[in-house]
Amino acid sequence: MSKILAIFGATGQQGSSIVDHVLNDSELSRQYEIRAITRDVTSEKAKQLKDKVEVVHGDILNRSSIETALTGVHTVFIMTAPMLSPDIEYDTVKTIADIALEKDAKYIIFSTLPSVHELSGGKYTKVTPFDSKARAEQYIRGLPIQSAFCSLGSFMENFESASYLTPRKGEDGTWVVALHVSPKMQWPLVNATRDTGKFVGAILAEPDKFDGKTICGATKLYSLDEMIAIMSKATGKDITYKRISPEEFKKRLNLPDVVVDMFMEMIAFLDDPGYFGPDSEKLVAWAVKNACGKLSTFEEYLEAHPLQLE
């Protein structure tokens, strides 16, 4: 008899990747019956999912809907969108995990992130979306249930929306990426839409092996220099890197102060001690070794999703 795998955020980048991976894996598709949990079962993406899997309503602000959605499940994939309020996100994950336990689920997989505050020795305090997920991870680890964790690197998809990563045309006609950190900074990149399922699929295939472990999911660590060289080749443009002051970078963001402070600390954290801490390279290599399938490179991503430079 198949075990029910409940997936939060099933219409999003991570969740949809897991759905596709399980359905296309002959062994996992026999082991697991997918229950996609979404706030809006009438959305276009939810309607498309209904042709492939069970789709149920689940609103994290409505406890009774989560209780119904998690009835009879074996494994729960928990994913929450980043929130600026650390307490709200922590409480949300805690509620879902508690309900999963009450409903006699056997395994939790949580989409976590590194603790910036802890890994920086308390230097950085404003990257609350990371710290709140790390805190929620510790709560889940303390529950009497098997659990594993997937900590994804920076999404390649962000290059389509993050203005601070987009090259800007200078007065001399060249294109420039300007940040306040070293060009040697190591940036772990992952194609979340295509590859989240390959990391979570490894956990689903061998849950006992990964019990208590964290997969630091990324294709590899790219330096800023390497990323810019790849963007130059992909676009046919002369793109260079310029290191600017933190004050200048802050002005370029043109966002609310709380968001600006978060981004500035996050990028500085990437520079030192590194996204997954001082052992980032080793942790990513282990994740790549265990992933179920070939991972997307940054070159391949830009070929499929060309940068639009104006």
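Structure: see above.
Residues numbered from 1 in each chain as written. Predicted model: local features only at pLDDT ≥ 70, side-chain atom pairs only at ≥ 80, totals over all residues. Heavy atoms only, no water.

In this section: the sheet that holds strand 8 (residues 168-169). The strand order across the open sheet formed by three strands is 8-9-13, and the pairing between neighbours is mixed. Every interior strand has two partners, whereas the edge strands, strand 8 and strand 13 (239-243), have only one. As paired strands, strand 8 and strand 9 (residues 175-179) are joined by two bridges and run antiparallel to one another. By the bridge assignment, Lys169 is partnered in strand 9 with Trp175. (Pairing = 2+ DSSP bridges. Helix = DSSP H or I, 4+ residues; strand = E, 2+ residues; numbered from the N terminus.)

Moving on to the packing of aromatic side chains. Centre-to-centre distance and the angle between the planes together describe a pair of aromatic rings. Throughout the structure, instances matching the rule amount to seven aromatic pairs. Taking the centre distance of 6.2 Å and the plane angle of 80° together, the rings of Tyr90 and Tyr139 count as edge-to-face. On the criterion of sequence distance, the pair formed by Tyr90 in helix 5 (residues 86-102) and Tyr139 in helix 7 (residues 128-141) is long-range, its members being 49 residues apart. Site record: aromatic cluster; members linked through ring pairs are Phe130, Tyr275 and Phe276. When the ring centre of Tyr90 is taken as origin, the NZ or CZ atom of Arg135, which lies over that ring, is 3.7 Å away. Over the aromatic face of Tyr222 sits the side chain of Lys220, whose NZ or CZ is 4.9 Å from the ring centroid. (Phe/Tyr/Trp six-rings, centres within 6.5 Å; stacked < 30°, edge-to-face > 60°. Lys NZ or Arg CZ within 6 Å of the ring centre and 35° of its normal.)

Taking 1.5 Å of rise per residue, 14 residues should cover 20 Å, and helix 8 (residues 192-205) covers 19 Å from first to last C-alpha, within 8% of that figure. For helix 8, a buried count of 11 out of 14 residues is recorded, marking the element as mostly surrounded by other parts of the structure. Residues of helix 8 that are buried include every one of Ala192, Asp195, Thr196, Gly197, Lys198, Phe199, Val200, Gly201, Ala202, Ile203 and Leu204, and no others. (Expected span 1.5 Å × (residues − 1). Buried < 20%, exposed > 50% of the residue type's maximum accessible area, 1.4 Å probe, protein only.)

Glancing now at the side chain of Thr75. Within the element layout of this structure, Thr75 appears in strand 4 (residues 75-78). Setting aside its immediate chain neighbours within four residues, Thr75 contacts Ile4, Leu5, Ala6, Tyr32, Tyr107, Ile109 and Leu204. (Contact = heavy atoms within 4.5 Å.)

Note on terminology: disulfide describes a covalent bond linking the sulfur atoms of two cysteines. By the definition in use, this model includes zero disulfides. Among the cysteines around Cys150, which has no disulfide bond, Cys216 carries the closest sulfur, lying 8.7 Å off. Under the relative-accessibility criterion, Cys150 is labelled buried at 1%. (Disulfide = S-S within 2.5 Å.)

For the rest of this paragraph, the subject is the nonpolar core. One broad rule of soluble globular proteins: the nonpolar side chains tend to lie buried together. Membership of the largest hydrophobic core comes to 50 residues, with the highest contact counts inside it found for Tyr164, Leu179, Trp187, Met231 and Phe298. Those elements giving two or more residues to this core turn out to be strand 9, strand 10 (186-190), strand 12 (220-223), helix 10 (224-235), strand 13, helix 11 (246-253), helix 12 (257-271) and helix 14 (298-304). Tallying contributions element by element places helix 12 first for this core, with nine residues. Ranked by size, the runner-up nonpolar core spans 33 residues in total, among them Ile109, Ala148, Leu204 and Phe210. (Core = buried A, V, L, I, M, F, W, Y, C linked by side-chain atoms within 4.5 Å.)

Two elements in contact, helix 1 (residues 13-24) and helix 8, have axes separated by 7 Å at closest approach and are oriented at 60°. Of the possible angle classes, the one that applies to helix 1 and helix 8 is oblique. Along this stretch, helix 1 crosses helix 8, giving a crossing that reads as right-handed. The residues of helix 8 that touch helix 1, namely those facing Gln13, Gln14, Ser17, Ile18, His21 and Val22, are Ala192, Thr193, Arg194, Asp195, Thr196, Gly197, Lys198, Val200, Gly201 and Leu204. A class-by-class count of the residues in the contact of helix 1 with helix 8 yields five nonpolar, eight polar and three charged. (Axes fitted to C-alpha atoms, helices over the stretch in contact; angles between N-to-C directions. Parallel < 35°, antiparallel > 145°, perpendicular 65-115°, else oblique. Left-handed = near helix turned anticlockwise from the far one by under 90°. Nonpolar A, V, L, I, M, F, W, Y, C, P; charged D, E, K, R; others polar.)

What follows deals with the environment of Ala105. Relative to the elements of secondary structure, Ala105 occurs in the loop between helix 5 and strand 5 (107-112). Sequence separation between Ala105 and Ala6 is 99 residues; the distance between their C-alpha atoms is 9.9 Å. If near-sequence neighbours (up to four positions away) are discounted, Ala105 is found in contact with Val73, His74, Val76, Ala100 and Ile145.

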